[in-house]
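Summary of structural features
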Amino acid sequence: PAIRTPINRATYRLATLPGSRQRRIVKWTAPGGRLPTEAEWEWAARDGRDGETYPYRDLATAREKANFHGTASNDEYEELAPVKKFDATEKFRLYDMLGNVWEWMSDWYSPTYYRDSPPVDRPGPEKPASGGEHVVRGGSYDSDAKTFLRISYRRHEGLSQSGFNNVGFRCVLPDSDEVKKSFR
């Protein structure tokens, strides 16, 4: 299962680090952890359901569930919101799958990847396209909900970019008794 690091007070700091440092912190924060693939992230964001475009059935009520551009209702944050401020997904109990910060994926970005890859069980590009950028998913606090909070929306960020507080990461951990015990 994909689990966001439980270090709540470090959320803002982690989001401002460049991608290469974030990957090192994933290994330190969650031993055995790694960044998710696009396929893993999308399956988790869909909460195990097929065919979902938005994680929330109605964009008008999405403000109750995610931190995105502007403030209203439960979303009172102009920028980053604390982890777990919004409800978890029903099945997997994951927080902040959309909004708050874009999330780094382990997959390299290729603008033609979906056109050139198999329709099922896409493994992700084996090497970076020119520029060596990774995919980021999920939108952030400064994203327009209708465009960027779609589960399928993807963009790319270079690893050398740093100082942005709207890109972070989520750890994927082994499904083992040892890992489960550490989160009790």
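Preceding this paragraph is the structure being described.
A brief report on the enclosed structure follows.

Conventions adopted
- Residues numbered from 1 in each chain as written.
- Predicted model: local features only at pLDDT ≥ 70, side-chain atom pairs only at ≥ 80, totals over all residues.
- Heavy atoms only, no water.
- Helix = DSSP H or I, 4+ residues; strand = E, 2+ residues; numbered from the N terminus.
- Buried < 20%, exposed > 50% of the residue type's maximum accessible area, 1.4 Å probe, protein only.
- Contact = heavy atoms within 4.5 Å.
- Polar contact = N/O pair within 3.5 Å; in protein donor to acceptor, adjacent residues only side chain to side chain.
- Arc of directions from axis to C-beta.
- Pairing = 2+ DSSP bridges.
- Axes fitted to C-alpha atoms, helices over the stretch in contact; angles between N-to-C directions.
- Core = buried A, V, L, I, M, F, W, Y, C linked by side-chain atoms within 4.5 Å.
- Salt bridge = Lys/Arg side-chain N within 4 Å of Asp/Glu carboxyl O.

Considerations on the overall build of the protein chain
Per the secondary structure count, the protein chain includes six helices and six strands. Looking at the protein chain residue by residue over its 184 residues, the buried ones come to 47%. Long-range pairs, those at least 24 residues apart, make up 67% of the contacts in the protein chain with a sequence separation of at least 6.

Digging into unusual backbone geometry
As a rule of thumb, non-glycine residues mostly have phi less than zero, and peptide bonds are mostly trans rather than cis. Phi at Ser73 takes a positive value of approximately 55°, unusual for a residue other than glycine. Along the polypeptide, Ser73 turns up in the loop between helix 3 (38-45) and strand 2 (102-108). Non-glycine residue Asn100 carries a positive phi angle of around 70°. Counting through the fold element by element, Asn100 comes out in the loop between helix 3 and strand 2.

As for the side chain of Glu42
Considering the arrangement of structural elements, one finds Glu42 in helix 3. Glu42 gets classed as buried once you look at its relative accessible area, which sits at 18%. At 2.5 Å, the side chain of Glu42 forms a polar contact with the side chain of Arg46. Apart from the residues within four sequence positions on either side, Glu42 is in contact with Arg137, Ile151 and Ser152.

Notes on helix 3
Among all positions in helix 3, only Glu38, Trp41, Glu42, Ala44 and Ala45 are buried. Each buried residue of helix 3 lies within a common arc of 160° when the element is viewed along its axis, so the set occupies one face. In this structure, the buried residues of helix 3 make contact with strand 2, helix 4 (113-116), strand 3 (133-137) and strand 4 (154-158). Two residues or fewer past helix 3, Asp47 is found with a positive phi of approximately 60°.

Quick look at the sheet that holds strand 2
In spatial order, the strands read 4-3-2-5; together these four strands make up an open sheet with mixed pairing. Both edges of this open sheet fall to strand 4 and strand 5 (167-168), since each of them pairs with a single strand only. Judged from the two bridges that link them, strand 2 and strand 5 form a sheet pairing that is parallel. Looking at the pairing, Glu103 lines up with Gly168 of strand 5. This element, helix 3, spans strand 2, strand 3 and strand 4 of the sheet and lies at about 140° to strand 2.

Examining the environment of Tyr141
Structurally, the position occupied by Tyr141 is in the loop between strand 3 and helix 5 (145-148). It is 9.6 Å that separates the C-alpha atoms of Tyr141 and Asp75, two residues lying 66 residues apart in sequence. Sequence-distant contacts of Tyr141, defined by excluding residues within four places in its chain, comprise Asn67, Phe68, His69, Glu78, Glu79, Leu80, Gly99, Asn100, Asn165 and Asn166.

Concerning the pairing of strand 3
A large share of strand 3 lies buried, amounting to four of its five residues. Pairing between strand 2 and strand 3: three bridges, direction antiparallel. Its bridge partner lying in strand 3, Trp104 is registered against Val136. Two elements, strand 3 and strand 4, share five bridges in a ladder whose sense is antiparallel. Opposite Glu133, over in strand 4, you have Gly158 as the bridge partner.

Things to note about the nonpolar core
Counting 15 residues, the largest nonpolar core has Trp41, Ala45, Phe68, Met97, Leu98, Leu149 and Ile151 as its most contacted members. Considering every element that reaches this core, the biggest residue donor is helix 3, with three residues. With nine residues, the next largest nonpolar core counts Phe169, Cys171, Leu173 and Val179 among its residues.

Here's the deal with the pattern of salt bridges
All chains considered together, the criterion is met by eight salt bridges. Between Arg34 and Glu40 there is a salt bridge, with its nearest N and O atoms 2.6 Å apart. A residue is classified by how much of its surface remains accessible, and Arg34, at 36% relative accessible area, is partly exposed. Exposure remark for Glu40: the relative accessible area of 29% places this residue in the partly exposed category.

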